[in-house]
Amino acid sequence: MSILKKLLLLTLFIFLLDTFKINTYATPNTNNQSPVKIAVFLLDTDELFLSYFSESLRNIQKENVNKVEFTLFDSNRNQGTENDNITKALDQGFDLFVIEPVTFKVEELRNIFDMINQRNVPFILLTSPSRQVSNFVKEYPRTVIIGGDDEQSGIMQGKLLINEWNSNKTYIDHNKDNIMQYVLLKGLSSDPATSIRSKYPIQTLNEAGIKTQELFSNSCNWDKNCARDTIESIILTQNGKTEVIIANSDDMAVGAVEALQKYGYNTGNKSKYIPVVGVGGLPEATELIKQGSMTGTVIQNPADYANAVYSIGMNIVSGKTPLIGTNYKFDDTGNTVRIPYKEYSKQS
């Protein structure tokens, strides 16, 4: 064979190899006639934040007819139920999975993630970012994490309470001991966000020179009804000792305000006002803040989460790099996008 023919064959081989190169993030959905099918597995679709997140996904679908189709699965706060939903969905031709885990134990997630990976389905993980989770997810190269900066949210809650204490200490410090006595409403005990959101408000207050004392805490698993029942019980048993209520989420903050108002608190009388702060920026919470019935929250719009899922997800399914054409950035883990928070109060 002549040298010229060998060169021509080599050139053709290189061209074909480049043409059929497989992107490391996804096998592209090249069917332009059908929408991208995305399965979304959520902790509890009745939770306020997740209900608004779900609504935002549906709005995105309406605005992008024939481009994307979301199917929601409710895990009912049970990892076994979520695993069953994922297993069934693997046979339904979805292009992408979006998963909010119920558990945060790596060993419990590995089997189901391996199963998804073996079926060549990319997935987005909705979770509170942690170094352990980020490192674990790196075993699945076509996976992106979307979550919040929970340390930032806790610090901002602390700042809201510092402003409230400095402005209205005469009314807040019931026993005049110069110590902020508080009740803490916690999220899911296994969720890394819970410990972080519980730690940093108090640390921020203490660093500002405000002494604190925890009167009571309860793990309410992000649930409004549990928070309402907890605060109602405290009102009936603690005889006015509670000066501040810190909730890990707006769902629980709203429940706390409902309990307070049942017994005449937070209805306009400064002498019967107990500051309540939450996280999330839900419409129910922001409306209570506008009314003066709740002190403040740290906003993380459910629509922002939904838009991130859509933009990043469509890139992955199309075979593009996840963040191309977006304003999102990975943090130092290289696989996690953090949706930022901002403070919200009546003054802001």
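Our subject is the structure listed above.
Residues numbered from 1 in each chain as written. Predicted model: local features only at pLDDT ≥ 70, side-chain atom pairs only at ≥ 80, totals over all residues. Heavy atoms only, no water.

**Some remarks on the overall build of the protein**
(1) Moving on: Helix and strand content of the protein: 11 helices and 12 strands.
(2) Moving on: With 348 residues in all, the protein has 51% of them scored as buried.
(3) Moving on: Considering only intrachain contacts with a sequence separation of at least 6, the fraction spanning at least 24 residues in the protein is 72%.
(4) Moving on: With an accessible surface of roughly 16600 Å², the protein has 49% of that area assigned to carbon and sulfur atoms.
(5) Moving on: One finds the centroid of the 34 positive side-chain charges in the protein at a distance of 5 Å from the centroid of its 39 negative side-chain charges. (Helix = DSSP H or I, 4+ residues; strand = E, 2+ residues; numbered from the N terminus. Buried < 20%, exposed > 50% of the residue type's maximum accessible area, 1.4 Å probe, protein only. Contact = heavy atoms within 4.5 Å. Areas by Shrake-Rupley, 256 points an atom, 1.4 Å probe, with all protein chains shown as cover. Lys, Arg positive; Asp, Glu negative; His and termini not counted. Charge placed at Lys NZ, Arg CZ, Asp CG, Glu CD.)

**Thoughts on the sheet that holds strand S4 (residues 123-126)**
(1) Moving on: Taken in spatial order, the 6 strands make up an open sheet running S2-S1-S3-S4-S5-S11, and their pairing is parallel. Bordering the open sheet on either side are strand S2 (68-74) and strand S11 (336-339), each of which pairs with just one other strand. In this sheet, neighbouring strand axes are inclined to one another by 20 degrees on average, regardless of whether the strands run parallel or antiparallel.
(2) Moving on: Its contacts with the sheet put helix H11 (residues 302-317) on strand S1 (36-42), S2, strand S3 (96-99), S4, strand S5 (143-148) and S11, and the angle it makes with S5 is roughly 170 degrees. (Pairing = 2+ DSSP bridges. Axes fitted to C-alpha atoms, helices over the stretch in contact; angles between N-to-C directions.)

**Things to note about helix H4 (residues 106-118)**
(1) Moving on: Spanning 13 residues, H4 covers 18 Å between terminal C-alpha atoms, matching the ideal 18 Å at 1.5 Å per step.
(2) Moving on: Among the residues of H4, Val 106, Leu 109, Ile 112, Phe 113 and Ile 116 are the ones counted as buried.
(3) Moving on: Remark: Asn 120 follows H4 within two positions and exhibits a positive phi of approximately 60 degrees. (Expected span 1.5 Å × (residues − 1).)

**Focus on the side chain of Thr 295**
(1) Moving on: Topologically, Thr 295 is positioned in the loop between helix H10 (283-291) and strand S10 (296-299).
(2) Moving on: Taking the relative accessible area as the measure of exposure, Thr 295 reaches 7% and is therefore buried.
(3) Moving on: Separated by 2.7 Å, the side chains of Thr 295 and Tyr 273 make a polar contact.
(4) Moving on: Setting aside anything within four residues of it in sequence, one finds Thr 295 in contact with Glu 164, Tyr 273, Pro 275, Val 276, Val 277, Ile 289, Ser 345 and Lys 346. (Polar contact = N/O pair within 3.5 Å; in protein donor to acceptor, adjacent residues only side chain to side chain.)

**Thoughts on empty space enclosed by the protein**
(1) Moving on: In this structure the tally under the stated criterion is 4 cavities of 30 Å³ or more.
(2) Moving on: When its volume is computed, the largest cavity comes out at roughly 440 Å³.
(3) Moving on: Considering the residues around the largest cavity, the lining is formed by 30 residues, among which Phe 49, Glu 100, Ser 128, Arg 197 and Tyr 305 are closest to the centre.
(4) Moving on: Counting residues per element, the ones that place at least two in the lining of the largest cavity are helix H2 (48-63), S5, helix H7 (192-207), helix H9 (250-262) and strand S9 (276-280).
(5) Moving on: When its residues are assigned to classes, the lining of the largest cavity shows 16 nonpolar, 7 polar and 7 charged.
(6) Moving on: Volume-wise, the second largest cavity comes out at about 90 Å³.
(7) Moving on: What lines the second largest cavity is Ile 231, Ile 234, Ile 235, Gln 238, Asn 239, Gly 240, Lys 241, Thr 242, Ile 245, Leu 260, Tyr 265 and Ile 274.
(8) Moving on: Counting residues per element, the lining of the second largest cavity draws most heavily on helix H8 (residues 224-238), at 4 residues.
(9) Moving on: In terms of residue class, the lining of the second largest cavity is made up of 7 nonpolar, 4 polar and 1 charged. (1 Å grid on protein atoms, 1.4 Å probe; cavity = no way out; pocket = protein on both sides within 12 Å on 5 of 7 lines; lining within 4 Å. Points joined across faces, edges and corners; volume = space filled by probe spheres on them. Nonpolar A, V, L, I, M, F, W, Y, C, P; charged D, E, K, R; others polar.)

**Structural notes on the packing of aromatic side chains**
(1) Moving on: Here the structure, examined in full by the defined rule, presents 10 aromatic pairs.
(2) Moving on: Considering the side-chain rings of Phe 113 and Phe 123, the 4.9 Å spacing of their centres and the 45 degrees angle between planes classify their relative orientation as tilted. Of this pair, Phe 113 sits in helix H4 while Phe 123 sits in strand S4, and the two are 10 residues apart along the sequence.
(3) Moving on: Grouping aromatic residues by their ring pairs yields a cluster made of Phe 41, Phe 73, Phe 94 and Phe 97.
(4) Moving on: Sitting above the plane of the Phe 94 ring, Lys 37 keeps its charged end 5.2 Å from the centroid. (Phe/Tyr/Trp six-rings, centres within 6.5 Å; stacked < 30°, edge-to-face > 60°. Lys NZ or Arg CZ within 6 Å of the ring centre and 35° of its normal.)

**So, the packing of H9 against H10**
(1) Moving on: Axis separation between H9 and H10 bottoms out at 9 Å; the angle between their running directions is 45 degrees. Between H9 and H10, the interaxial angle falls into the category oblique. As H9 runs across H10, the sense of the crossing is left-handed. Of the residues in H10, those in contact with Asp 250, Val 254 and Val 257 of H9 are Glu 284, Ala 285 and Leu 288.
(2) Moving on: When grouped by side-chain class, the residues that make up the contact of H9 with H10 number 4 nonpolar, no polar and 2 charged. (Parallel < 35°, antiparallel > 145°, perpendicular 65-115°, else oblique. Left-handed = near helix turned anticlockwise from the far one by under 90°.)

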